[in-house]
Amino acid sequence: MDVNGTVAEGFEPVRDVFARNFEALGDRGAAVAVYRDGRKVVDLWAGTRDIDGTEPWRHGTAQVVRSATKGVAAAVPLLLHQRGELDLDAPVAEYWPEFKARGKEHVLVRHVLNHRAGLPVIDRPLTPEQALDPLKGPEAVAAQAPVWEPGTDHGYHALTYGWMLDELVRRVSGLGAGEWIAREIAGPLGAEFWLGLPAREEEAGRTGRVGRVEGPEPAGGLRARPKRSVTEAYEDPGSLTRRAFAAITPFPDQNAPAYRASALPATNGIATADGLARVYAAMVGEVDGVRLFDPATVELARAEESAGPDRVLVVNTRFGLGYMLHGSASPFLGAGSFGHPGRGGSLGFADPGTGIAFGYVTNGFRKTVTADPRAQALVLVRAVRAAL
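Residues numbered from 1 in each chain as written. Predicted model: local features only at pLDDT ≥ 70, side-chain atom pairs only at ≥ 80, totals over all residues. Heavy atoms only, no water.

**A few points about the pairing of strand β12 (residues 347-351)**
Most of β12 sits inside the fold, with five of its five residues counted as buried. Taking the residues that link successive antiparallel strands as the turn, the strand β11 (residues 338-341)-β12 hairpin has five residues, and the phi of glycine 344 there is positive, at about 100 degrees. Where β12 lies against strand β13 (residues 356-362), five bridges are found, and the strand directions are antiparallel. Paired with alanine 350 across the two strands is alanine 357, which belongs to β13. Between β12 and β13, which follow one another and run antiparallel, lie four residues, and glycine 355 among them has a positive phi close to 75 degrees. (Buried < 20%, exposed > 50% of the residue type's maximum accessible area, 1.4 Å probe, protein only. Helix = DSSP H or I, 4+ residues; strand = E, 2+ residues; numbered from the N terminus. Pairing = 2+ DSSP bridges.)

Next comes the structure, spelled out in structure tokens:
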């Protein structure tokens, strides 16, 4: 596999393991970028732009990053809080009065971000057409009763997280999360990240087609087979797990222009590897004169808010405010790291202690929900750690 791009001195092992992802772990097309203290030290890409095509992946090829979207979207409420416009400990209904229906008066903004709102499911899943309407998802969540007492437990809000975040941002700022990201984050940074792909980018054909890919399981580290309880949760139509991921049924075609043009802050961000890494780099330091988070906001992002058995994912998870934290379900660089994987492979995170920011995008989605062996502890992240 021909690997294109550059690595700084000392980061050569990242290139080696990135190439092995194609040889041993089934990657078809992918890119990885790493910043250290605001300077890019890894910028690599290889394979094909489309999962089902032959056109080569080029510098600037972008892909749907699924739930890695959540980490960039989480920056919006944290920045609104940093600016004094959003109180994390206020009831959601203070900003969004319709939300308080059916026992949600005491759901706090904080609970939305730390997955403790008790709202991972909706009783009537949205159709694909409804899901692309920015009003329908928030309306459905506002009408939903919590499935546990808000604040008392945690469980991954796979899709509902995005609708709650988007409506909060809209009520506070007058902009949807995608518009806010474009104006206040991606634009000033020059970062290739979109929540709602503009027509000009769609027409330029820079976004590849994504799809499922199979690959051999690694020999060690992450379990090749999930625990029986996890398997049963995904197979049971009545489980919180299945219902959370089925909040849109059937799921939209992720390669359709209408889907890529919409803004679902939980799942349909489009980014280059550099775009993901660049945003995270600006969360923990300065990038070309732009810094997003002040030190207090960095601490909010990486401080543990939820930990232990996850009522939806049925494994132990750790969350800060909008971010997954380093742990068995999301192995990042170390104890202070925060970020978010995307179901099937993509990943973005920052590690304030080392000044590292990491982005990996792929067109080949595997069965993984959280830790994917290509990007995380077994391969690329381990190589980054060894280079420090």
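**Quick notes on the packing of aromatic side chains**
Inspection of every chain in the model, using the stated rule, returns 11 aromatic pairs. Between the aromatic rings of tyrosine 280 and tyrosine 323, the centroid separation amounts to 6.3 Å while the plane-to-plane angle is 70 degrees, which identifies the pairing as edge-to-face. Of the two residues, tyrosine 280 is situated in helix α12 (residues 273-284) and tyrosine 323 in the loop between β9 (316-319) and β10 (324-325); the sequence distance between them amounts to 43 residues. When its relative accessible area of 0% is taken as the criterion, tyrosine 280 is described as buried. With relative accessibility at 0%, the residue tyrosine 323 sits in the buried group. Plain terms: the ring middles of phenylalanine 332 and phenylalanine 349 are 5.2 Å apart, the flat faces sit at 15 degrees to each other, and that makes the pair stacked. Here the residue phenylalanine 332 occupies a position in the loop between β10 and β11, and phenylalanine 349 occupies one in strand β12, the gap between them amounting to 17 residues. The two residues phenylalanine 332 and phenylalanine 349 agree in class, both being buried. (Phe/Tyr/Trp six-rings, centres within 6.5 Å; stacked < 30°, edge-to-face > 60°.)

**Considerations on unusual backbone geometry**
The omega torsion across threonine 249 and proline 250 is -10 degrees, close enough to zero to call that bond cis. Relative to the assigned elements, proline 250 resides in the loop between α10 (240-245) and α11 (257-261). Its identity is not glycine, yet aspartate 37 carries a phi of approximately 50 degrees, on the positive side. Among the secondary structure elements, aspartate 37 is positioned in the loop between β2 (29-36) and β3 (39-47). On the basis of relative accessibility, which here comes to 62%, the residue aspartate 37 falls in the exposed class.

**Looking at the sheet that holds strand β5 (residues 193-194)**
Taken in spatial order, the three strands make up an open sheet running β4-β7-β5, and their pairing is antiparallel. Each edge of the sheet is formed by a strand with only one pairing partner; in this case those strands are β4 (63-64) and β5.

**Brief notes about the side chain of threonine 362**
Inspection of the secondary structure assignment puts threonine 362 in strand β13. A distance of 3.0 Å separates polar atoms of two side chains, one belonging to threonine 362 and the other to aspartate 27. There is a polar contact of 3.0 Å between the side chain of threonine 362 and the backbone nitrogen of glycine 364. (Polar contact = N/O pair within 3.5 Å; in protein donor to acceptor, adjacent residues only side chain to side chain.)

**As for the packing of helix α1 (residues 12-24) against helix α14 (residues 380-387)**
Look at α1 against α14: their axes get within 9 Å of each other, and the N-to-C directions meet at 170 degrees. By the criterion of interaxial angle, the relationship of α1 to α14 is roughly antiparallel. Contacts between α1 and α14 involve Pro13, Val14, Val17, Phe18 and Asn21 from the first element and Leu380, Ala383 and Val384 from the second. In the contact of α1 with α14, the residues fall into seven nonpolar, one polar and no charged. (Axes fitted to C-alpha atoms, helices over the stretch in contact; angles between N-to-C directions. Parallel < 35°, antiparallel > 145°, perpendicular 65-115°, else oblique. Contact = heavy atoms within 4.5 Å. Nonpolar A, V, L, I, M, F, W, Y, C, P; charged D, E, K, R; others polar.)

**Things to note about the pattern of salt bridges**
Per the counting criterion, the structure on display carries 22 salt bridges. For arginine 110, the salt bridge is made with aspartate 89, and the minimal N-O distance between the two is 2.7 Å. On the criterion of sequence distance, the pair formed by arginine 110 in helix α3 (residues 109-113) and aspartate 89 in the loop between α2 (68-82) and α3 is long-range, its members being 21 residues apart. When the shortest N-O distance is used, the salt bridge between glutamate 192 and arginine 206 registers 2.6 Å. One end of the pair, glutamate 192, is in the loop between α7 (177-189) and β5; the other, arginine 206, is in the loop between α8 (199-204) and β6 (211-212), and 14 residues separate them in sequence. (Salt bridge = Lys/Arg side-chain N within 4 Å of Asp/Glu carboxyl O.)

**Remarks on the nonpolar core**
Core analysis: the largest hydrophobic core is formed by 78 residues, its most contacted members being Ile185, Met283, Phe293, Tyr323 and Phe338. Beyond its immediate stretch of four places on either side in the chain, tyrosine 323 contacts Gly71, Ala74, Ala75, Leu78, Tyr280, Met283, Phe293, Ala301, Arg318, Phe338 and Gly339. Grouped together as the second largest cluster of nonpolar side chains are 41 residues, Val17, Val41, Val121 and Ile356 included. (Core = buried A, V, L, I, M, F, W, Y, C linked by side-chain atoms within 4.5 Å.)

**Digging into the packing of helix α6 (residues 160-173) against α7**
In the contact formed by α6 and α7, the axes pass within 8 Å of each other and the chain directions differ by 65 degrees. Along the contact surface, α6 presents Leu165, Asp166, Val169, Arg170 and Ser173, while α7 presents Ala177, Glu179 and Trp180. Residue classes in the contact of α6 with α7 are distributed as four nonpolar, one polar and three charged.

**Topic: the environment of proline 97**
As for its position among the elements, proline 97 is in the loop between α2 and α3. Sequence separation of proline 97 and leucine 79 is 18 residues, and the distance between their C-alpha atoms is 22 Å.

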